[in-house]
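# Results of the structural survey
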Amino acid sequence: MRETSQAPPAQLPGRNEPCWCGSGKKYKKCHLRSDQQQRLSDGGPIREQPSSGTFPNPFRRQQAPKPPRLKTPEQVEGIRRAGRLAKELLDRLEERIVPGITTQDIDDWVVEWTREAGATSAPLGYRGFPKSVCTSVNQVVCHGIPGPHLLDPGDIVNVDVTPVLDGFYGDTDRMYLVGEVSDEARRLVEVTRECLHLGIEQIRPGGHVGDIGHAIQRHAEAHGYSVVRQFGGHGVGLQFHEEPHIPHFGNPGTGPMLQPGMVFTVEPMINEGNWRVRVLPDGWTAVTVDGRLSAQFEHTVAVTDDGVDVLTA
C-alpha cells in the first residue's frame, strides 16, 4: 500500500471508486483497510452490541402502532401471485448479472419483464424514488439507485423488486455474486441467507415479532456480524408499506403478537462491521458507516393457522 502523510477526508469514497490519496487505485485496493483500522482506534470497537446475551427492546419506546390489516384467504392468494412474479424477476436476473453490466441495465430488464407480465413497479415514484428497483452494491445496505455504476468481478449486489399485480404487492430481494468473490464476501452472503430462514422459522400464531429479530440477531452475532437497526421489515400486500414494523434484532416474546392473516416482509440487513448506516445526499442510498460489506435477503410471508407460508418462494 502506498504510504501518504495525508489525512483521509470526512466522506470516504465507495469501495470501487478511486482512492482519496491520488494513487489511481480503487479505494478497496488502497486505503480502505487502513482507514477502517484508524476508525476503530479513534472510535472504539466496531461492534457495539451487548455482551450479556440480552438485546435492546426495539418496541419499548415506540408509540402503540396501528393494528395490522389481516388479509383474507383471497387476498393472500392475490399477494402470492404478485410474489411469484417477484421471484420470477429475480430468477431471470441470475444469468444476467455478470461483470461489466450496469445497475441501470438491471432496472431496464426488470421494467421490461414487469410490463410484459401486466404489472407495475411499486418503488417507481414512491416518495420520489426515481427507479423501479433498488440495487445495492457492496457497502450499500439498501435503497441503492440504479444508474451507470459498472459491476466489477468480486462485487456483491442486492436487487430488491416489488411488482404490483392486480392491485397486490409482492416484495422480495436477493443477493448476487458478480464473478469470483472473496471468501469473506461469500461467507457474509451465506450467513445472511441463513438469518432470513431462521427468522422465518420463528413465525407462528401466538408468537411475537420479537422472536424473529432475536433469532436473526443471535445467528448474525455468533458469526461476528452485526444487524442493521435503522431499517426493518414491514407489512405489505394491499399497500407497499403497512403495519407491523419487523425489527431484525431484539428479545423473544416482545412486540406485536402474530396472528393468522398477517402478511409482512422479513428482510435482515447484515453488516460485516458496524451496524450503523448513513444515508447519502441523494436521500435514499444507505451505506455502512465503516465502508465494509453489507448483505440482505427478503421474503414476503403470511402467518397461517399453524405456521407460516412464504409467498415469494
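For the structure itself, look to the data block above.
The text that follows walks through the structure, step by step, so that each part is easy to find. (Residues numbered from 1 in each chain as written. Predicted model: local features only at pLDDT ≥ 70, side-chain atom pairs only at ≥ 80, totals over all residues. Heavy atoms only, no water.)

## Quick notes on the sheet that holds strand E13 (residues 277-279)
Taken in spatial order, the 3 strands make up an open sheet running E3-E14-E13, and their pairing is antiparallel. Lying at the two open borders of the sheet, with one neighbouring strand each, are strand E3 (140-142) and E13. Going from strand to strand, the sheet's axes swing by 40° on average, the running direction of each strand aside. Bridge count for E3 against strand E14 (residues 286-288) is 2 bridges, and the pairing is antiparallel. When the bridges of E14 are listed, Cys142 appears paired with Ala286. (Pairing = 2+ DSSP bridges. Helix = DSSP H or I, 4+ residues; strand = E, 2+ residues; numbered from the N terminus. Axes fitted to C-alpha atoms, helices over the stretch in contact; angles between N-to-C directions.)

## Here we look at the side chain of Lys71
Following the sequence through the fold, Lys71 ends up in the loop between helix H1 (32-43) and helix H2 (73-93). Taking the relative accessible area as the measure of exposure, Lys71 reaches 7% and is therefore buried. At 3.2 Å, the side chain of Lys71 and the backbone oxygen of Arg69 are in polar contact. Here the side chain of Lys71 touches Glu242 through a polar contact of 2.4 Å, side chain to side chain. Beyond its immediate sequence surroundings of up to four residues, Lys71 is in contact with Val76, Ile79, Val236, Leu238, Glu242, Gly261 and Val263. (Buried < 20%, exposed > 50% of the residue type's maximum accessible area, 1.4 Å probe, protein only. Polar contact = N/O pair within 3.5 Å; in protein donor to acceptor, adjacent residues only side chain to side chain. Contact = heavy atoms within 4.5 Å.)

## Things to note about the pairing of strand E2 (residues 134-137)
The two faces of E2 match: Cys134 and Ser136 on one face and Thr135 and Val137 on the other face are all buried. Across 4 bridges, E2 lies against strand E4 (residues 156-161) in antiparallel orientation. Note that in E4 the partner of Val137 across the bridge is Val157.

## Examining the pairing of strand E11 (residues 263-266)
For a regular strand, side-chain orientation follows a simple rule: the groups alternate between the two sheet faces. Residues Val263 and Thr265 of E11 are buried on one face, and the alternating residues Phe264 and Val266, pointing to the opposite face, are buried as well. As judged from the 4 bridges shared by E11 and strand E16 (residues 299-303), these two strands associate in the antiparallel manner. Along E16, the bridge assignment pairs Val266 with His299.

## Quick look at unusual backbone geometry
Glycine aside, residues mostly have negative phi angles, and peptide bonds mostly take the trans form. Cis geometry marks the peptide bond from Glu243 to Pro244, where omega comes out at 5°. One non-glycine residue, Asp166, lies in the positive phi region at around 55°. In this structure Asp166 comes out as exposed when scored by relative accessible area, which is 60%.

## Section: the packing of helix H4 (residues 183-201) against helix H5 (residues 209-222)
Two elements in contact, H4 and H5, have axes separated by 8 Å at closest approach and are oriented at 155°. In terms of axis orientation, H4 runs roughly antiparallel to H5. Crossing hand, H4 versus H5: right-handed. Contact residues: H4 offers Val191, Glu194, Cys195, Leu198 and Gly199, while H5 offers Ile212, Ala215, Ile216, His219 and Ala220. Considered class by class, the residues forming the contact of H4 with H5 number 7 nonpolar, 2 polar and 1 charged. (Parallel < 35°, antiparallel > 145°, perpendicular 65-115°, else oblique. Left-handed = near helix turned anticlockwise from the far one by under 90°. Nonpolar A, V, L, I, M, F, W, Y, C, P; charged D, E, K, R; others polar.)

## Re the sheet that holds strand E8 (residues 226-227)
Strand order in the open sheet made by the 3 strands is E8-E12-E15, with antiparallel pairing throughout. Taken across any chain shown, the strands that pair with only one partner, and hence form the sheet edges, are E8 and strand E15 (294-296). When strand E12 (residues 269-271) meets E15, the two strands line up antiparallel, connected through 3 bridges. If you follow Asn271 over to E15, its bridge partner there is Ser294. Of the strands in this sheet, E12 and E15 touch H4, which is tilted by about 35° from E15.

## Examining the nonpolar core
Formed by 33 residues in total, the largest nonpolar core has its most connected members in Leu93, Ile97, Ile106, Leu151, Val159 and Val161. The biggest single contributor to this core is H2, with 8 residues. Not counting residues up to four positions away in its chain, the partners in contact with Leu151 are Ile97, Val98, Pro99, Gly100, Ile101, Thr103, Ile106, Val137, Val157 and Val178. Within the second largest apolar cluster, 29 residues are counted, among which are Ala185, Cys195, Val209 and Ile246. (Core = buried A, V, L, I, M, F, W, Y, C linked by side-chain atoms within 4.5 Å.)

## Digging into the packing of H2 against helix H3 (residues 103-116)
Their axes nearest at 10 Å, the elements H2 and H3 cross at an angle of 135°. By the criterion of interaxial angle, the relationship of H2 to H3 is oblique. In this structure, H2 meets H3 at a crossing whose hand is right-handed. Together, Leu89, Arg92 and Leu93 of H2 and Ile106, Trp109, Val110, Trp113, Thr114 and Glu116 of H3 make up the contact between the two elements. Considering only residue class, the contact of H2 with H3 consists of 6 nonpolar, 1 polar and 2 charged.

## Focus on H4
For H4, with 19 residues, the first-to-last C-alpha span of 27 Å sits near the 27 Å given by 1.5 Å per residue. Here H4 has its buried residues at Ala185, Leu188, Val189, Val191, Thr192, Cys195, Leu196, Gly199 and Ile200. (Expected span 1.5 Å × (residues − 1).)

Purely geometric numbers; function is a separate question.
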